[in-house]
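Coordinate inspection notes
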Amino acid sequence: AGEKKKAIEIGKSLIEEGKEEGIKAGEKKKAIEIAKGLLDILSIEIIAQKTGLTVDEVKALKDEVK
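These notes cover the structure that comes with them. (Residues numbered from 1 in each chain as written. Predicted model: local features only at pLDDT ≥ 70, side-chain atom pairs only at ≥ 80, totals over all residues. Heavy atoms only, no water.)

**A closer look at a nonpolar patch on the surface**
A cluster of nonpolar residues, Ile41, Leu42 and Ile46, forms a patch on the protein surface that exposes about 260 Å² of accessible area. Mapped onto the elements of the fold, isoleucine 41 is located in the loop between helix H1 (2-38) and helix H2 (44-51). (Patch = residues over 30% accessible without salt bridge, like charges linked within 9 Å, V, L, I, M, F, W, Y side chains within 5 Å. Areas by Shrake-Rupley, 256 points an atom, 1.4 Å probe, with all protein chains shown as cover. Salt bridge = Lys/Arg side-chain N within 4 Å of Asp/Glu carboxyl O. Helix = DSSP H or I, 4+ residues; strand = E, 2+ residues; numbered from the N terminus.)

This is the structure in C-alpha cells:
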C-alpha cells in the first residue's frame, strides 16, 4: 500500500509540474503577442522590461516581424 501511495503522489506532482509549465508557456505566448504589438511604438528595452522577455528575445521578434 505504501508504494501505491508513493506512486500516486509522484503522479500528482508530475501533473502539477505539467500545469505550471503550461501556464508559463501561455504567459510567454501572450508576452510575445504584446511585444509584437508594441515594436512600432516602444524601444526594445522598454518592451523587454514590461513584458518580462529578454532584450534578445524582443530583438528576434523585431527581426521576425520585418
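**Digging into the environment of threonine 51**
Within the fold, threonine 51 resides in helix H2. With a relative accessible area of 18%, threonine 51 lands in the buried category. When the C-alpha positions of threonine 51 and lysine 28 are compared, they lie 8.7 Å apart, and in sequence the two are 23 residues distant. Separated by 3.3 Å, the side chain of threonine 51 and the backbone nitrogen of leucine 53 make a polar contact. (Buried < 20%, exposed > 50% of the residue type's maximum accessible area, 1.4 Å probe, protein only. Polar contact = N/O pair within 3.5 Å; in protein donor to acceptor, adjacent residues only side chain to side chain.)

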